[in-house]
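Summary of structural features
Take a look at the letters that make up each chain.
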Amino acid sequence: MIHDNVVNASDVKTIQFICLISVQELQVTGITFTNIKTTEFTVSWTAPIRSSYVSRFDVEWQSGGKVVSATSPQRVTGLTPGKTYEVKVITNDTATEPGVTRTTYTSKQQAAKPSIPGDVTSSSNVEIYRIIKTFHLFDFSARTSSNWNYIYKYKTTEFTVSWTAPIRSSYVSRFDVEWQSGGKVVSATSPQRVTGLTPGKTYEVKVITNDTATEPGVTRTTYTSKQQAAKPSIPGDVTSSGDDLDALDRYINIKWTAGTGVTTLYRVKLFDGDTQKGSRDASFVSTTFNNVLNGYRYNVYVTARSQQFHGDYLWSEAKVSPIKTKVQVPDAPHNGSCNSPTDSAITLNWNAPSLPNGDLVRYHIVVLNTSNDFQLRDKTTGTETQKVVGNLLTKTNYIFRLYTENEGYNSTHFYQVSSACKTRAHMSMKPENLRITNVTSRSFLITWDKPIKTYSAENYGYVLQVKDNKHACKEEVLYKCSDCEGSFQVSELSGLCDQNKQPDFTLSKAQLARQLSYNASLNPSINYTVTVTAITTEGRGQPATVTNGTNVEAPQTPYNVKVEGMTATTFDIKWSINGPRPGQTLYVMILTADTPAKSKNFSVSGFALREYKAFGLQEYWNYSVVVMAKTSVGSSISAVTNKYRTSPAAPGKVSEFSVEPHPDEDFTKMKISWEMPTILERNGVIKSYRFENFEPGNVTATTNFQQKSPGYTYTKTVYVVPEEQYTFRVYAINEQNMKGEHITVTKMAPPGVPLNIEESLLIDVIELQRDKTVSDREITITLVREFFEESTNGKVQTTGLVVCVNSCDLQGVMTITDVNAMENWSGASKKGQASYRATNSDWLDKATIQYTLGRNKRDVTNIEFIVGSEDCKNVSPDGFCNGPLQPGTSYKFVAFTCTNGGCRLSRQYGPFTTANADSHCSEFYTTNSHAVIVGVVLGLIIIILLLYAGYATYLIRRYRAKDEQEIKFGNKKDRKSQTYVNEIFMTGSASNTSGNFNVDSGVENVYSRLDDNVREDKTTYESLSP
């Protein structure tokens, strides 16, 4: 503790005088901010040189905040998190002019710490991406399995899972997402939000495909899975207090509360401001740190780790808690010294203690004489390390003891200063009426009067000093008495700017006693401090001081403007300008761009600047530059430079990019087109383009295109499978081989209407089955199966047959929706409509394959279908049914087949007429069969008779030749001398009800085929016709 000694009032002599102090001597310095929190921070400062003149300090900040009679460090509270404040430390001077309070201030900006954000509530907040690609093999080459892209947006109780649909996505009826603990989303869509999770827990997430198309009536499922943890919750506050934070042994214990959910590890970090002092991993809610200071503020960061998933973890956001270790007794100051003694005061300087062990409050000074007798006590206002100790006796030696006070204790030890601590003899009082007038931008006039009292027989002259705001001497003038008794040596004068200075003016004693003046030559817009001291036998006396600034003037014209350091979007602008500094100077760089790019303006303050980096420029573009200098009273502008071009950069996206079906309606092709990037996206000279096609199965095809003239449209036609996903990418390449920005489109190849095989194969797709009975209720027809299975333009979705009475009016039937909206048999029967759809969804699977027939070099499969063969009593009124036909009615049939791109309708076939209700269709069938059998038998008999006749002819000829004793063989060229075996071919059909065998009229007569002869000779042989 510091003990006061009793001092007699009679021992203290007080001399009252008025001393004008400069603004700089009253301003605080070294403003710093510590303990920065969301709603408060602490501001500290160093007291001014003339702190004894300061009655109090005030701290003021924006929004009306103010602390009167503040002490350093000062806690500032009630702030808005994240907001920046301009903080002023105001000095109040009531000593310089009694009855008048003079104020000045020093300010500095500081932001409050932002508050911790809440939980993530939208996909725009914290996002961590994990991407995998995998295939689950099916027995049909994984074409219904997905190529998964998982993109998780992690939160404490939810995340989002995304995936890419499989190649054969048309086979998938739905996706399900399933995870542990029984969670499931049926009919999920990507991206899918998964909620209700436990923070920090790891889940195995399955994305399940349901395939109902591969095997009709059977749902096949498969899945791809991946583990993922929910984000851990933020740990609770640090709860350490008392002895936990006692750092006498350099160790402290950190404790905190656990968050909700699952945590497998905590990571704790200790920070001193922005500097990390240590890091610890802890399995429980406590840990220790060493090498910490007493009474010191730290920030503790605690994060929680999730369960493991695929060798990885998620970490929570950090919980930040400020702590302060326990305050202890501080060390004493050190390195003290006595400086600038006067006849009544000595300035003490020292360094802060090495271990303050808490927040410093102030310093105490005990003044002793050389006999160690107590003289007086003094103290600093705050934590400044300089103090002018006054009320001292002239020409007296003193001892000073320095103590430290922190927020809890005073130091038990002190630092003692005794060397060079002696006051001077009486000095001259300060000159009177020091004033500055006639102020311009380059000068002002200084005037003053002699001191009231010099404490010397003679006034030997004056020292006038003019210092700028950086305490540099601008002018120093020495006045010397020419007729005084005695004189002074310049080398003996303290505080001169130039110790070799010679007197500038020699004046008489009478002249020195009058008012003196001096016109100082200065520079614009600078605050100058003028000091005048009288010179006596004791040297320089007390100073008279006044501060005043010169005026602002217009700047000189910038010149020698040039551009260097070119990049694609920046360059450096450099210039020259003549001084002196005219005042607060603003430079404006005006960059004029070629159209259509925008011109740019940049501004920067500070006369000393001679260069500026322009940024955000258009790549590979021309700019001209001028530099303008401005002050508050005028401006000047440089000449315009030549044009400078920025460097090339990677091109931007191509323009007019489109992916469309092929214009000739060939749905096995797609047309991709684009044009060169827009003029401001070219960023250089474009050389070529690269087109990339990512086909199903991750097959990539690449095509290069050379640059054409502007306005040229580049096209690429690719072969596709309708309803498959394709990804197309295009980018430009410039002369520097820089790859431009990609433009990528993923698109499904659109389906189209099935192809028309009636025209391409020149076939009829519907025919009457002629060997079957046409009854009064049924008609058996033959259909070409390939018509219903034509899938070149997309997967077939539905097929069928439309039955029409007399004729079909199917205008407007173009899509599956139109087909499904057609009238069914039941509705047509009730409403008496002329057409209806006679088939349901599985009719084709029940049709009977009849035979395969080669037509136009292609085999087609014929199937048999009986129109009118179903009993529709048990079919729902809305269902399609092949109900019985009406007797004696003429019908036409139209086949249809549909994809998702539309429906193909066949031509109308018919008319096909049902039998009358009283006709004998069964007798027709029997009689007609008997006629065929009789015809076959008669044909065989005729062949046998012809063979017999031919053999008889042969025998007769041989017999005749034998009678003539000569057998002659005919010339092979004599066709009448040959022997032939005849084969007969028959054209025609059995078609009448009488059972007679006839050849249809209008067909070619049947001729015998003659071995080794030609058909052209018909004179020798008669035609074989009935």
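Source: prediction; values computed, not measured.

Some thoughts on the overall build of the protein
Summing up its helical and strand segments, the protein has 8 helices and 61 strands in all. Within the protein, the fraction of its 1026 residues that count as buried is 42%. The contacts in the protein between residues at least 6 apart in sequence include a share of 64% that link residues at least 24 apart. For the protein, the exposed area adds up to about 54200 Å²; of that, 48% sits on carbon and sulfur atoms.

Topic: the state of the cysteines
What the rule picks out here adds up to 6 disulfides. Each disulfide pairs two cysteine sulfurs, and for Cys 473 the partner residue is Cys 497, the sulfurs being separated by 1.5 Å. Of this pair, Cys 473 sits in strand β30 (residues 473–481) while Cys 497 sits in the loop between β30 and β31 (505–507), and the two are 24 residues apart along the sequence. Its relative accessible area of 32% is what places Cys 473 among the partly exposed residues. The class of Cys 497 is partly exposed, set by a relative accessible area of 37%.

Let's talk about the pattern of salt bridges
Across all of its chains, the model carries 30 salt bridges by this definition. With a closest N to O distance of 2.2 Å, Lys 324 and Glu 407 form a salt bridge. Of this pair, Lys 324 sits in strand β19 (residues 319–324) while Glu 407 sits in the loop between β25 (399–406) and β26 (415–417), and the two are 83 residues apart along the sequence. You can call Lys 324 partly exposed: its relative accessible area is 21%. For the salt bridge of Asp 764 with Arg 907, the shortest nitrogen-to-oxygen distance reads 2.7 Å.

Here we look at the sheet that holds strand β5 (residues 74–76)
Spatial strand order, β1-β2-β5: 3 strands in an open sheet with antiparallel pairing. Whereas interior strands pair on both sides, the edge strands pair on one side only; in this sheet they are β1 (29–34) and β5. Here the strands of the sheet are splayed against their neighbours by 25° on average, with no regard to which way each runs. Taken together, the 4 bridges between β1 and strand β2 (residues 41–46) define a ladder with antiparallel strand orientation. Across the sheet, Thr 34 pairs through a bridge with Thr 42, a residue of β2.

Considering the nonpolar core
Core analysis: the largest hydrophobic core is formed by 33 residues, its most contacted members being Ile 446, Trp 448, Tyr 479 and Val 530. A total of 5 residues in this core trace back to one element, the largest contributor, which is strand β33 (residues 527–536). If near-sequence neighbours (up to four positions away) are discounted, Tyr 479 is found in contact with Trp 448, Tyr 460, Gly 461, Tyr 462, Phe 488, Phe 505, Leu 507, Leu 512, Leu 516, Ser 517, Tyr 518 and Ile 535. Membership of the second largest hydrophobic core comes to 32 residues, among which are Val 765, Phe 787, Ala 838 and Cys 881.

Describing unusual backbone geometry
With an omega of 0°, the peptide bond between Gly 579 and Pro 580 qualifies as cis. With respect to the secondary-structure elements, Pro 580 resides in the loop between β37 (571–576) and β38 (586–593). Cis rather than trans, the peptide bond between Thr 595 and Pro 596 has omega equal to 10°. Within the secondary structure, Pro 596 sits in the loop between β38 and β39 (600–605). Within the chain, Arg 250 stands out as a residue other than glycine whose phi angle is a positive 70°. In this structure, Arg 250 sits in the loop between β13 (220–229) and β14 (251–255). Under the relative-accessibility criterion, Arg 250 is labelled partly exposed at 39%. One non-glycine residue, Asn 372, lies in the positive phi region at around 65°. With respect to the helices and strands, the residue Asn 372 is situated in the loop between β22 (360–368) and β23 (374–379).

Some points on the environment of Tyr 623
With respect to the helices and strands, Tyr 623 occurs in strand β41 (residues 622–631). For Tyr 623, a relative accessible area of 1% corresponds to the buried category. Leave out the neighbours within four places in its chain, and Tyr 623 touches Phe 571, Leu 591, Thr 592, Ala 593, Lys 598, Leu 617, Gln 618, Asn 642, Lys 643, Tyr 644 and Thr 646. In terms of polar contacts, Tyr 623 uses its side chain to reach the backbone amide nitrogen of Gln 618, at 2.9 Å.

Structural notes on the sheet that holds strand β20 (residues 334–339)
Reading across the sheet, the 3 strands line up as β20-β21-β24 and stay open at both edges, with antiparallel pairing between neighbours. The outermost strands of the open sheet, each flanked by one partner alone, are β20 and β24 (386–389). Mean inter-strand twist for the sheet, computed between neighbouring axes without regard to direction, equals 20°. Bridge count for β20 against strand β21 (residues 346–351) is 4 bridges, and the pairing is antiparallel. The residue of β21 that forms the bridge with Ser 337 is Asn 349.

What to know about the confidence of the model for the protein
For residues with low pLDDT, the predicted coordinates do not support detailed interpretation. Across the protein, the average pLDDT comes to 83, with 83% of residues at 70 or higher. In this model residues 853–857 is a low-confidence stretch, pLDDT under 50, and it forms 11 contacts with partners more than four residues away in sequence or in other chains. Note that residues 963–1026 has pLDDT below 50 and, in this model, 61 contacts with residues that lie over four places away or in other chains.

A short note on the packing of aromatic side chains
As enumerated under the stated definition, the model contains 30 aromatic pairs in all. Taking 5.5 Å as the distance between ring centres and 50° as the angle between the ring planes, the aromatic pair formed by Tyr 403 and Phe 414 counts as tilted. Here Tyr 403 is found in strand β25, whereas its partner Phe 414 is found in the loop between β25 and β26, with 11 residues between them in sequence. In this structure Tyr 403 comes out as buried when scored by relative accessible area, which is 10%. Since its relative accessible area comes to 36%, Phe 414 is described here as partly exposed. Each ring, one from Phe 691 and one from Phe 728, has its centre 6.1 Å from the other, and the planes form 20°; the classification is stacked. Taken together, the residues Phe 691 in strand β46 (residues 686–695) and Phe 728 in strand β49 (residues 725–734) connect sequence positions 37 residues apart. Residue Phe 691 is classed as buried on the basis of its relative accessible area, which comes to 1%. Of note, Arg 305 hangs over the ring of Tyr 313, and the distance from its end group to the ring centre comes to 4.0 Å. Looking at Lys 795, its charged tip hangs above the ring of Tyr 171, at a distance of 4.5 Å from the centre.

Details of a nonpolar patch on the surface
The grouping of Leu 938, Ile 941 and Leu 945 at the surface amounts to a nonpolar patch, some 280 Å² of accessible area in total. Along the chain, the position of Ile 941 falls in helix α8 (residues 921–963). With a relative accessible area of 43%, Ile 941 lands in the partly exposed category.

What to know about the pairing of strand β6 (residues 84–93)
Across the 10 residues that make up β6, a large majority, 7, are buried. Judged from the 6 bridges that link them, strand β3 (residues 54–61) and β6 form a sheet pairing that is antiparallel. If you follow Arg 56 over to β6, its bridge partner there is Asn 92. Taken together, the 10 bridges between β6 and strand β7 (residues 102–111) define a ladder with antiparallel strand orientation. Counterpart to Lys 88 in the pairing with β7 is Ser 107.

The rules we used
- The residue numbers shown here count from 1 along each chain, following its written sequence.
- Only residues with pLDDT of at least 70 are given local features in this predicted model, and only at 80 or more are side-chain atom pairs given and counted; all residues enter the totals for whole chains, interfaces and linings.
- Each side-chain value is derived from all of the structure's non-hydrogen atoms; neither hydrogens nor water enter the calculation.
- Numbering of helices and strands starts at the N terminus; helices are DSSP runs of H or I of at least 4 residues and strands are runs of E of at least 2.
- Burial classification: accessible surface area is computed with a 1.4 Å probe over protein chains only, and a residue below 20% of its type maximum counts as buried, one above 50% as exposed, and the rest as partly exposed.
- By definition, residues are in contact when any of their heavy atoms lie within 4.5 Å.
- Only the protein chains shown count as cover for residues, and all accessible areas are computed by the Shrake-Rupley method using a 1.4 Å probe.
- By disulfide we mean two sulfur atoms from cysteines, separated by a distance within 2.5 Å.
- Salt bridge, as used here, is a side-chain nitrogen of Lys or Arg placed within 4 Å of a carboxyl oxygen of Asp or Glu.
- In this scheme, strands are said to pair when DSSP sees at least two bridges between them.
- Note on method: axes are straight lines fitted to C-alpha atoms, helices fitted across the in-contact stretch only, with angles between N-to-C directions ranging 0 to 180 degrees.
- In these notes, a set of buried Ala, Val, Leu, Ile, Met, Phe, Trp, Tyr and Cys residues joined through side-chain atoms within 4.5 Å is what counts as a nonpolar core.
- For the purposes of these results, a polar contact is taken to be a pair of N or O atoms within 3.5 Å, where, inside protein, one atom must be able to donate a hydrogen and its partner to accept one; residues adjacent in sequence count only when each atom of the pair is a side-chain atom.
- As a per-residue measure, pLDDT tells how confident the predictor is, with possible values from 0 to 100.
- Put simply, two rings from Phe, Tyr or Trp (the six-membered ring, in Trp's case) pair if the centres are within 6.5 Å, and we call them stacked under 30 degrees between planes, edge-to-face over 60, tilted for the rest.
- The rule for a charge over a ring is simple: NZ of Lys or CZ of Arg within 6 Å of the ring centre, and within 35 degrees of the ring normal.
- Patches were defined on residues exceeding 30% relative accessible area and lacking a salt bridge, with like-charge contacts within 9 Å and nonpolar side-chain contacts (Val, Leu, Ile, Met, Phe, Trp, Tyr) within 5 Å.

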